[in-house]
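# An overview of the molecular structure
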Amino acid sequence: MGTEHSKNEGRRSMIFLRKGPKLPAWEDALLSGKEPKSLLKRGLRYISLSLIMKGMTSAPDFLWGLPEVQKLNLSRNQLVVIPPSLGKLDRLVVLNLGGNCLKCLPKEIGLLRNLKVLFVNMNCLTEVPAELSLCRKLEVLSLSHNCISQLPLSFTDLTSLRKLNLSNNRFVQIPLCIFALRSLDFLHLGCNRLENIAESVQYLVNLQIFIVENNNIRTLPRSLCFITALELLNVDYNAIQNLPDDLYLLRRLPRIAWNPMDKGLHIAHNPLSRPLPEVIEGGLDVLFNYLREKKEHN
């Protein structure tokens, strides 16, 4: 009886173990005696590691002992903090921290001198460390869906930056440092609290896509018309009543656009003064001709 009872207990234990929750891949790799390096994937260009959607509230310690990793994806977890040890991964080229619960970034992020792409969107950031400006190779930066209201002046040093997403934050004005980023070709400031666009926007001479939808902008500066590289200008859902007469200089805008993904001029849902609403219904060429003639008569 005792032997039979022990067997039954053993079977129940085995069943319990089989039905237990499946361990995350990174934890399973450690517990099975594998080296953490076995999680790395060697692609044609980069050595990468993905720990996306693992339910992690903190990054595993073994991570900071993998200095060879070049692409690291920690997105869509529940990370509350990134430790200073991040600075040890100085070969990182792409870092994705999006979709976590981060309130700040460690200043050691400035040690990632090879970093070209950084996603920290959909977190709880209220500020950005000035040390990030030491990442001089940075080309793509997304800080969207946070609680940021200003940027460090040192951001003027990010001269390689081409794409910057600051949408869904708390900016009341466009940070002055942005106007020094002459390599920018994409700038998204939609869904903030902007009340104006400074004349200094004209210094962004390479800007092709400029999105400032869903703000409180009342007028567009004349200098905006001198960014002749613009192919998409989205000012939907603002408080704009009049358009600058020189808008017709933006010849690379192909049309009045309605689909958010389309290139062109997005001007919907603004309290435009008459006859602008009727003119716009005729298309972009009609609008440009109207503005040109208006300027000639003034």
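Note that the structure is predicted; figures quoted are calculated from it, not measured. (Residues numbered from 1 in each chain as written. Predicted model: local features only at pLDDT ≥ 70, side-chain atom pairs only at ≥ 80, totals over all residues. Heavy atoms only, no water.)

Attention shifts here to the nonpolar core. L151, I178, F210 and L287 are the most contacted members of the largest nonpolar core, which has 82 residues in total. Taken together, the elements giving at least two residues each to this core come down to β2 (47–50), α3 (276–281) and α4 (284–297). Examining the composition of this core, we find that four residues originate from one element, α4, more than from any other. With sequence-adjacent residues up to four places away left out, L151 is seen in contact with V128, L143, L166, F171, P175, C177 and I178. (Core = buried A, V, L, I, M, F, W, Y, C linked by side-chain atoms within 4.5 Å. Buried < 20%, exposed > 50% of the residue type's maximum accessible area, 1.4 Å probe, protein only. Helix = DSSP H or I, 4+ residues; strand = E, 2+ residues; numbered from the N terminus. Contact = heavy atoms within 4.5 Å.)

Looking now at the environment of I280. Within the secondary structure, I280 is located in helix α3. Assessed through its relative accessible area of 7%, I280 is described here as buried. On a C-alpha basis, the gap between I280 and I256 in space is 7.6 Å, while along the polypeptide they are 24 residues apart.

The subject of this paragraph is the pattern of salt bridges. According to the stated counting rule, one finds ten salt bridges in the structure shown. One salt bridge in this structure joins D185 and R162, with 3.5 Å as the shortest N-O distance. A residue pair is termed long-range when its members are at least 10 positions apart, and D185 in the loop between β7 (163–165) and β8 (186–188) and R162 in the loop between β6 (140–142) and β7 qualify at 23 residues. Overall, the relative accessible area of 13% leaves D185 in the buried class. Overall, the relative accessible area of 31% leaves R162 in the partly exposed class. Of the charged contacts in the structure, one is a salt bridge between R274 and E278, with a shortest N-O distance of 3.7 Å. On the basis of relative accessibility, which here comes to 41%, the residue E278 falls in the partly exposed class. (Salt bridge = Lys/Arg side-chain N within 4 Å of Asp/Glu carboxyl O.)

These figures come from the coordinates and say nothing about function on their own.
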